[in-house]
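Inside the fold
Okay, here's what each chain looks like letter by letter:
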Amino acid sequence: MLLDRLFGMFSNDLAIDLGTANTIVISKGHGIIINEPSVVALQKSRYGKKRVLAVGKEAKEMLGKTPDTIEAIRPLKEGVIADFDVAEEMIRFFIKKAHNRNSFIRPRVLICVPYGLTQVERKAVRDSAYSAGARDVILVEEPKAAAIGAGLPIKDPRGNMVIDIGGGTTEVGVISLEGLVRSKSIKVGGDRFDQEIISYMKNKYNLLIGERTGEAIKIEIGTAIKEDEPKKMSIKGRDQVSGLLKEIEISSEDVREAIKEPLEEISTAVVEVLEVVPPDLAGDIVENGIVLTGGGALLNGLDSYLSKRVELPVYIAENPLLSVANGTGAMLEDIELLKHITAND
Ligand SMILES: Nc1ncnc2c1ncn2[C@@H]1O[C@H](COP(=O)(O)OP(=O)(O)OP(=O)(O)O)[C@@H](O)[C@H]1O
Ligand SMILES: [Mg+2]
């Protein structure tokens, strides 16, 4: 069988969780070897040619802080490749780094992509990995990888429900017997929270802040539920009216108000999936609850917020930022699992 040939005996194989916010690379037998933001910094030359200056953490530090000659780009938006050339450079960089800069190794690569991708978008991921030096590319769907990484018994004839909230997408999936029974993917995730926080600061306080500050606010004091003692944080930005720099104090209630809408959209997506779950599997979900994965799961109170909305128990996976990568890695190590998982795609 093709997969045996592809993944049977080679040890240079890689699994990649190509995320809108973070890219994680797993090497067969070695676990996670790279975990970096999906950001590329490009230096523009006088002749208009661009060269890669930095990738990952170093490039993220530059986001929003670059002079005119440098550009920091996030090649993925809402779970899909928005800038093909830059995505290819990023994948090439990570593949090379995974093999200690030996560019002669052409690995077989397992890439995790959102379930909601169109054929054209899937092809873009495949093509960029081939162009970046991969020899063979197999795509796996994010909800299944998330469920495996969260330790759910997806082989059993039982309804396992997982919600993966990443930077660009939220994927809701119900899995039974290794197949995705019901699912929904929406283009709402951590990035949207950041954007809503930026708009809110502008509208309420006339304060202009950048993407990185938006994210920092979310991580430090963001919350999905009302807290008894709201947290405070002082933030800096530019006054929209006077143009001067200023510092103000905001509270976690501001953030809760700011992200109300995307939270609502996520809970609606969850309800829509629950509405169409076959009755026997629904019983399992009532009994076992729902598991949250992805970095968005770390938003304070999101589990209780969703639990209240859908009236079911909601749990956070042990290491939500790594669930998808760990699940993809498990498929890299276990060819039988990979065969079953990809059989009904
Ligand atoms: N403590 C935290 N609280 C709230 N959000 C957080 C926290 N830590 C990380 N995040 C958010 O999680 C998101 C990144 O999650 P993750 O790495 O799962 O996304 P991704 O896999 O890159 O994206 P996608 O799956 O949508 O393509 C970012 O938006 C980040 O701001
Ligand atoms: Mg992800």
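As the structure is a prediction and not an experimental result, all values here were calculated from the model.

1. Regarding the overall build of the chain
For the chain, the count of helices and strands is 13 helices and 18 strands. A globule of 345 residues ought to have a C-alpha radius of gyration of about 20 Å, and the chain, at 21 Å, matches this closely. Structurally, the chain occupies a C-alpha span of about 65 × 60 × 30 Å along its principal axes. Burial analysis of the chain (345 residues in total) assigns 46% to the buried set. Contacts spanning at least 24 positions in sequence make up 63% of the contacts within the chain whose residues lie at least 6 apart.

2. Re the domain arrangement of the chain
When the domains of the chain are assigned, the result is domain 1 (2-38 + 74-144 + 324-343), domain 2 (149-188 + 264-320) and domain 3 (190-258). Measuring from the centre of the C-alpha atoms in domain 1 to the corresponding centre in domain 3 gives 35 Å.

3. Remarks on helix H9 (residues 260-276)
Taking 1.5 Å per residue as the helical rise, H9 with its 17 residues ought to reach 24 Å, and the 25 Å between its terminal C-alpha atoms agrees with that figure. The set of residues buried in H9 consists of Pro262, Leu263, Ile266, Val270 and Val273. In an axial view of H9, the angular spread of the buried residues amounts to 110°, which keeps them on one side of the axis. Looking at H9, the residues exposed on the side facing more than 90 degrees away from the buried face are Glu264, Glu275 and Val276. The inward-facing, buried residues of H9 contact strand S11 (160-165), strand S12 (170-176), strand S13 (179-186), helix H6 (190-205) and helix H11 (302-310).

4. Side note on the site of ligand 1
Ligand 1 sits among 22 residues. The nearest are Gly19, Ala21, Gly166, Gly190 and Gly295. Mapped by element, the contributors of at least two residues to the shell around ligand 1 are H6 and helix H7 (211-221). It is H7 that provides the largest number of residues to the shell around ligand 1, a total of 3 residues. When its residues are assigned to classes, the shell around ligand 1 shows 5 nonpolar, 14 polar and 3 charged.

5. Some points on the sheet that holds strand S6 (residues 70-73)
The antiparallel open sheet is built from 3 strands, whose spatial order is S5-S4-S6. The sheet is open, and its two edges are formed by strand S5 (50-55) and S6, each paired on a single side. Taking each pair of neighbouring strands and ignoring which way they run, the sheet shows an average axis angle of 30°. Pairing analysis gives 5 bridges linking strand S4 (residues 40-44) to S5, with the strands arranged antiparallel. Looking across to S5, one finds that Ala41 is bridged to Ala54. In this fold helix H3 (residues 84-98) packs onto S4, S5 and S6, with an angle of close to 50° to the strand it touches most, S5.

6. Observations concerning the sheet that holds strand S3 (residues 31-37)
Taken in spatial order, the 5 strands of this open sheet run S3-S2-S1-S9-S10, and their pairing is mixed. The open sheet has two edge strands with one neighbour each: S3 and strand S10 (136-141). Recorded for the sheet is a direction-independent mean angle of 20° between the axes of neighbouring strands. With 6 bridges connecting them, strand S9 (residues 108-113) and S10 associate as parallel partners.

7. Observations regarding the environment of Glu71
Among the secondary structure elements, Glu71 is positioned in strand S6. Residue Glu71 is classed as partly exposed on the basis of its 16 C-beta neighbours within 10 Å.

8. Notes on unusual backbone geometry
One non-glycine residue, Glu78, lies in the positive phi region at around 50°. Tracing the backbone through its elements, the reader meets Glu78 in the loop between strand S7 (76-77) and strand S8 (80-81). Its 19 C-beta neighbours within 10 Å are what place Glu78 among the partly exposed residues. With a phi angle near 55°, Asn206 is a residue other than glycine that sits in the positive phi range. Here Asn206 is to be found in the loop between H6 and strand S14 (207-208). C-beta crowding within 10 Å serves as the criterion here: with 15 such atoms nearby, Asn206 is assigned to the partly exposed category.

9. Let's talk about the environment of Val188
Note that Val188 resides in the loop between S13 and H6. Val188 sits in the buried class, given 23 other C-beta atoms within 10 Å. Here the alpha-carbon distance between Val188 and Glu78, two residues 110 residues apart in the chain, equals 7.3 Å. Excluding its chain neighbours within four sequence positions, the residues that come into contact with Val188 are Thr170, Pro262, Glu265 and Ile266.

10. Focus on the packing of helix H5 (residues 142-149) against helix H12 (residues 323-333)
It is the contact of H5 with H12, at a shortest axis distance of 6 Å, that shows an interaxial angle of 90°. As summarised for this structure, H5 and H12 are arranged roughly perpendicular, according to the angle between their axes. Contacts between H5 and H12 pair Glu142, Ala145, Ala146, Ala147, Ile148 and Gly149 from the former with Ser323, Val324, Ala325, Asn326, Gly327, Thr328 and Ala330 from the latter. When grouped by side-chain class, the residues that make up the contact of H5 with H12 number 7 nonpolar, 5 polar and 1 charged.

Reading guide: rules and limits
- Residues numbered from 1 in each chain as written.
- Chains lettered and ligands numbered in written order.
- Predicted model: local features only at pLDDT ≥ 70, side-chain atom pairs only at ≥ 80, totals over all residues.
- Helix = DSSP H or I, 4+ residues; strand = E, 2+ residues; numbered from the N terminus.
- Rg over C-alpha atoms; globule rule 2.2 N^0.38 Å.
- Buried ≥ 20, exposed ≤ 12 C-beta atoms within 10 Å, placed from the backbone.
- Contact = placed C-beta atoms within 7 Å.
- Domains from an automatic or database assignment.
- Expected span 1.5 Å × (residues − 1).
- Arc of directions from axis to C-beta.
- Near = placed C-beta within 6 Å.
- Nonpolar A, V, L, I, M, F, W, Y, C, P; charged D, E, K, R; others polar.
- Pairing = 2+ DSSP bridges.
- Axes fitted to C-alpha atoms, helices over the stretch in contact; angles between N-to-C directions.
- Parallel < 35°, antiparallel > 145°, perpendicular 65-115°, else oblique.

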